[in-house]
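# Fold and contact review
Okay, here's what each chain looks like letter by letter:
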Amino acid sequence: MKAVKITEGIHCLPVNLESYQLFEGMWPMPNGISINSYVVQGDKTALIDLIEDVNGKPADFEAELQSISLAPKDIDYLIINHMEPDHTSWLPIFHRKNPDVQIYLTAKAAPLLKTFGGIEENVHVISDGESLDLGQGKILTFYETPNIHWPETMMTFEQSSGTLFSCDAFGSYGTLNDVYFDDQLSTTQHDFFINEALRYYANIVASFSTFVTKGINRLADLDVKVIAPSHGIIWRENPRAIIDSYSRFASYLNGPAEPEVTVIWSSMYGNTEKLVNNIVQGVRKEGLPVHVHRVPEEHVGVILASAWKSSGLILGMPTYEYEMFPPMAWVIDMFRRKKVWNKKVLRFGSAGWSGGAQRELTALTEKLKWDFIDPIEWKGAPTETELQLALQQGQALAQQVKEFCAR
Ligand SMILES: Cc1cc2nc3c(=O)[nH]c(=O)nc-3n(C[C@H](O)[C@H](O)[C@H](O)COP(=O)(O)O)c2cc1C
Ligand SMILES: [Fe+2]
Ligand SMILES: [Fe+2]
C-alpha cells in the first residue's frame with residue numbers, strides 16, 4: 001500500500017491486520033483492523049504513532065513511508081499518543097534505525113517507553129496544551145486524554161488543517177482497502193464502519209466510557225475538520241458522525257442504551273432452549289429489535305457489542321453444579337469487567353433438583369445496577385405454563401425497556 005494523502009504535508013500510513021489474528025489476544029476480528037500512523041511535514045517531519053511488530057507488518061509500513069520519499073531516519077519527531085503495543089511494539093527497531101529522533105509523549109507514557117521499549121534518550125514530556133511548530137504553518141498541539149484507552153494516552157491536533165489524531169478514540173475494526181475516507185463510503189459501508197466502531201468500542205473502550213465523555217467534552221472547543229484515528233476510516237466529510245457515535249456509545253454506560261433487546265442463551269440438553277422462541281416472540285409483540293446469541297457458540301466479543309447497545313438483556317441458562325452454566329458465567333463476568341450497567345433484565349432456565357443459577361447470577365451482578373423482572377425457573381422439561389410465561393415475560397421485559405428508553 002501507499003501512504004494516503006489527507007492534505008498537503010499530511011499523510012496516513014494504514015497497515016492492515018487480517019482477520020486470523022485475535023486483537024489484544026482475545027477479540028475476534030472477522031473483518032480485520034487497520035493500524036494507522038500519520039506523517040505531518042513542515043520544515044520538520046513528525047510521525048504520529050507506529051505499528052505493531054507482527055507478521056512482517058513493519059515492512060508494509062516502511063514501504064508506505066518510502067512512497068512519500070521518507071525512511072525512518074528522516075523522522076525528526078516521533079509523537080506517541082499511546083504506548084499500547086499495537087502502536088509501539090516496532091519502536092525499538094525503529095529507534096535503532098533513528099536513534100536521534102525526538103520522542104514526544106505524556107509524563108505517564110515516559111516510564112512505559114522505558115519498560116516496553118528500553119528508551120530514555122531524547123524524550124520530551126509534553127505539558128497539556130503544549131504546541132510543537134514544524135514550520136510551514138504546521139503546528140501540533142498535544143492534549144492529555146487519559147484512559148482512552150490507557151492512562152498515558154493523549155491526542156494530537158494539527159491546527160492549520162483541523163486534523164485531530166485521536167488515537168484509539170473514534171477508532172473501528174475493519175481493514176482499509178482502497179477506501180480511506182468517510183466521503184468514499186456507500187451507505188452500506190458507512191453503516192459497516194459504525195458497526196465495526198461499536199464492536200471495537202464494546203471490546204476495547206467500554207469500561208473507560210466516563211473518560212470518553214470527558215475527553216469529548218474537553219475537545220469540544222477545537223475546530224475539528226478531520227478525525228484521524230489510529231484504527232479504521234478517516235472522517236473528513238462528517239467528523240460529527242463518529243464523534244456523536246462515540247458520545248452515544250459512552251452514554252450507554254449509565255443507560256438507557258437503545259430500545260433493543262439482546263437474548264443470550266445456553267442449554268445442555270434443550271430444556272432451557274425450548275423457551276427461546278416464545279421469549280423472542282414476546283419481545284417482538286412490542287415491536288422491539290431483538291438480537292439472539294447462543295453461548296458458547298457465539299464469541300463474547302460479539303455478544304458484548306450487542307449487549308452494550310441494548311437496554312434489555314434476556315439471559316437463558318440452566319443450573320450446572322449448583323451454579324450457572326459455566327460458559328454463561330464467563331459472559332456475565334465479562335459484562336462486569338466491561339461495565340455493562342443499567343439494564344432491564346430477565347433470566348430463564350431449567351434445573352434438575354435444587355437449582356442455583358439464579359443465586360449465582362444475583363450475586364455476580366450485584367454492582368451492575370441491573371433491574372431484574374421475575375425470572376422463569378422450572379425443573380426438568382418446560383410445561384405449557386413455562387412456555388406461556390416465556391411469551392408474557394418476554395413482552396413484559398420489552399415494555400420495561402420501552403419505558404426506560406422513553407424517559
Ligand atoms: C453436569 C451437570 C451438572 C448439573 N448440576 C446441577 C445442579 O447443581 N443443580 C441442579 O438443580 N441441576 C443440575 N443439573 C441439572 C440441569 O440443570 C438440568 O438437567 C436442566 O434441565 C438442564 O437444562 P438444559 O436442558 O437447558 O441444559 C446439572 C446437569 C448437568 C449435566
Ligand atoms: Fe489501545
Ligand atoms: Fe490501538
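### Here we look at the site of ligand 1
Neighbouring residues of ligand 1: 17 residues in total, closest S267, M268, E321, Y322 and S350. One nitrogen or oxygen atom from the main chain of M268 is found 2.5 Å from an oxygen atom belonging to ligand 1. With respect to ligand 1, the backbone of W353 contributes an N or O atom lying 2.9 Å from an oxygen atom. When ligand 1 sits alone it has 640 Å² of accessible area, and the protein chains cover 86% of it. Every element with two or more residues in the shell around ligand 1 is listed here: β16 (319-320) and β18 (344-351).

### So, a nonpolar patch on the surface
Residues M268, Y269 and Y320 make up a contiguous nonpolar surface patch of roughly 360 Å² in combined accessible area. The class for Y320 is partly exposed, based on a relative accessible area of 31%.

### Some points on the packing of aromatic side chains
Per the counting criterion, the structure on display carries 20 aromatic pairs. With a centroid separation of 5.0 Å and 55° between ring planes, the pair formed by Y38 and F165 is classed as tilted. Linking Y38 in strand β3 (residues 33-41) with F165 in strand β11 (residues 163-167), this pair joins segments that are 127 residues apart in sequence. Here Y38 matches F165 in class, with each residue buried. Ring plane angle 65° and centroid distance 6.3 Å describe the contact between F335 and W370, whose orientation is recorded as edge-to-face. Residue F335 is located in helix α10 (residues 326-337), and its partner W370 is located in the loop between α11 (357-364) and β19 (371-372); the two are separated by 35 residues in the primary sequence. Summarising the burial analysis for this pair, F335 and W370 share the class buried. Clustering of aromatic rings is evident, with ring pairs tying together F170, Y201, Y246, F249, Y252 and W308.

### Here's the deal with the pairing of strand β1 (residues 4-7)
As defined by bridge partners, β1 adjoins strand β2 (residues 10-17) across three bridges and the pair is classed as antiparallel. Considered in β2, the bridge of K5 is made with H11. The antiparallel pairing of β1 with β2 creates a hairpin that spans two residues between the two strands, and G9 there sits at a positive phi of about 85°.

### A short note on the sheet that holds strand β9 (residues 138-144)
With mixed pairing, five strands are arranged side by side in an open sheet as β8-β9-β10-β11-β12. Each edge of the open sheet carries a strand with a single partner, namely β8 (131-135) and β12 (226-229). Each neighbouring strand pair of the sheet contributes to a mean axis angle of 20°, computed without reference to strand direction. The sheet contact formed by strand β10 (residues 154-158) and β11 spans three bridges and is antiparallel. When the bridges of β11 are listed, E158 appears paired with T163.

### Examining the sheet that holds strand β4 (residues 45-48)
One open sheet holds the seven strands; their spatial order is β1-β2-β3-β4-β5-β6-β7, and the pairing between them is mixed. Looking at the sheet topology across the chains shown, the edges are occupied by β1 and β7 (123-125). Along the sheet, successive strands turn relative to each other by an average axial angle of 25°, direction set aside. Bridge analysis of β3 against β4 gives four bridges, and the strand direction is antiparallel. For Y38, the partnering residue across the bridge sits in β4 and is I48. The sheet strands contacting helix α1 (residues 57-67) are β2, β3 and β4, and the helix crosses β2 at an angle near 160°.

### Structural notes on the domain arrangement of the protein
When its domains are assigned, the protein resolves into domain 1 (4-251) and domain 2 (260-402). Summarising the inter-unit geometry, the C-alpha centres of domain 1 and domain 2 are found 38 Å apart. Across the boundary between the two partners, domain 1 contributes 13 residues, which contact 13 residues of domain 2. Between domain 1 and domain 2, a total of about 1,100 Å² is buried, with carbon and sulfur atoms accounting for 71% of that surface. For the pair domain 1 and domain 2, the interface holds zero salt bridges. Our count for the domain 1 to domain 2 interface comes out at four residue pairs in polar contact (both at pLDDT 80 or more). In terms of residue count, helix α5 (residues 187-205) provides more of the side of domain 1 that touches domain 2 than any other element does, six residues in total. Considering only residue class, the side of domain 1 that touches domain 2 consists of nine nonpolar, three polar and one charged.

### Considerations on the pairing of β11
Burial analysis of β11 places five of its five residues in the buried class, which makes it a mostly covered element. On β11, burial covers both faces: T163, F165 and C167 on one face and L164 and S166 on the other are all buried. Linking two consecutive strands that pair antiparallel, namely β10 and β11, is a turn of four residues; a positive phi of about 65° is found at G162 within it. When β11 meets β12, the two strands line up parallel, connected through four bridges.

### Notes on the coordination of the iron ion (ligand 3)
Of the protein atoms, only D86 (OD), H87 (NE2), D168 (OD) and H231 (NE2) coordinate the iron ion (ligand 3), at distances of 2.1 to 2.2 Å. One way to put it: the four donor atoms around the iron ion (ligand 3) meet at angles of 90 to 177°, and that makes the site irregular. Coordination of the iron ion (ligand 3) draws on donor residues from a single chain, spaced D-H-x80-D-x62-H in sequence. Between the iron ion (ligand 3) and the iron ion (ligand 2) the interatomic distance amounts to 3.5 Å, and D168 serves as a bridging ligand to the pair. Of the two residues, H87 sits in helix α2 (residues 85-88) while D168 sits in the loop between β11 and α5, which places them 81 residues apart along the sequence. D168 matches H87 in its accessibility class, with the two residues each being buried.

Conventions adopted
Residues numbered from 1 in each chain as written. Chains lettered and ligands numbered in written order. Predicted model: local features only at pLDDT ≥ 70, side-chain atom pairs only at ≥ 80, totals over all residues. Heavy atoms only, no water. Near = heavy atom within 4 Å. Polar contact = N/O pair within 3.5 Å; in protein donor to acceptor, adjacent residues only side chain to side chain. Areas by Shrake-Rupley, 256 points an atom, 1.4 Å probe, with all protein chains shown as cover. Helix = DSSP H or I, 4+ residues; strand = E, 2+ residues; numbered from the N terminus. Patch = residues over 30% accessible without salt bridge, like charges linked within 9 Å, V, L, I, M, F, W, Y side chains within 5 Å. Salt bridge = Lys/Arg side-chain N within 4 Å of Asp/Glu carboxyl O. Buried < 20%, exposed > 50% of the residue type's maximum accessible area, 1.4 Å probe, protein only. Phe/Tyr/Trp six-rings, centres within 6.5 Å; stacked < 30°, edge-to-face > 60°. Pairing = 2+ DSSP bridges. Axes fitted to C-alpha atoms, helices over the stretch in contact; angles between N-to-C directions. Contact = heavy atoms within 4.5 Å. Domains from an automatic or database assignment. Buried area = accessible area lost by both parts, 1.4 Å probe. Nonpolar A, V, L, I, M, F, W, Y, C, P; charged D, E, K, R; others polar. Donors = N, O, S within 2.8 Å, 3.2 Å for Na, K, Ca; no water. Tetrahedral: all angles 85-135°; square planar, octahedral: opposite > 155°, others 65-115°.

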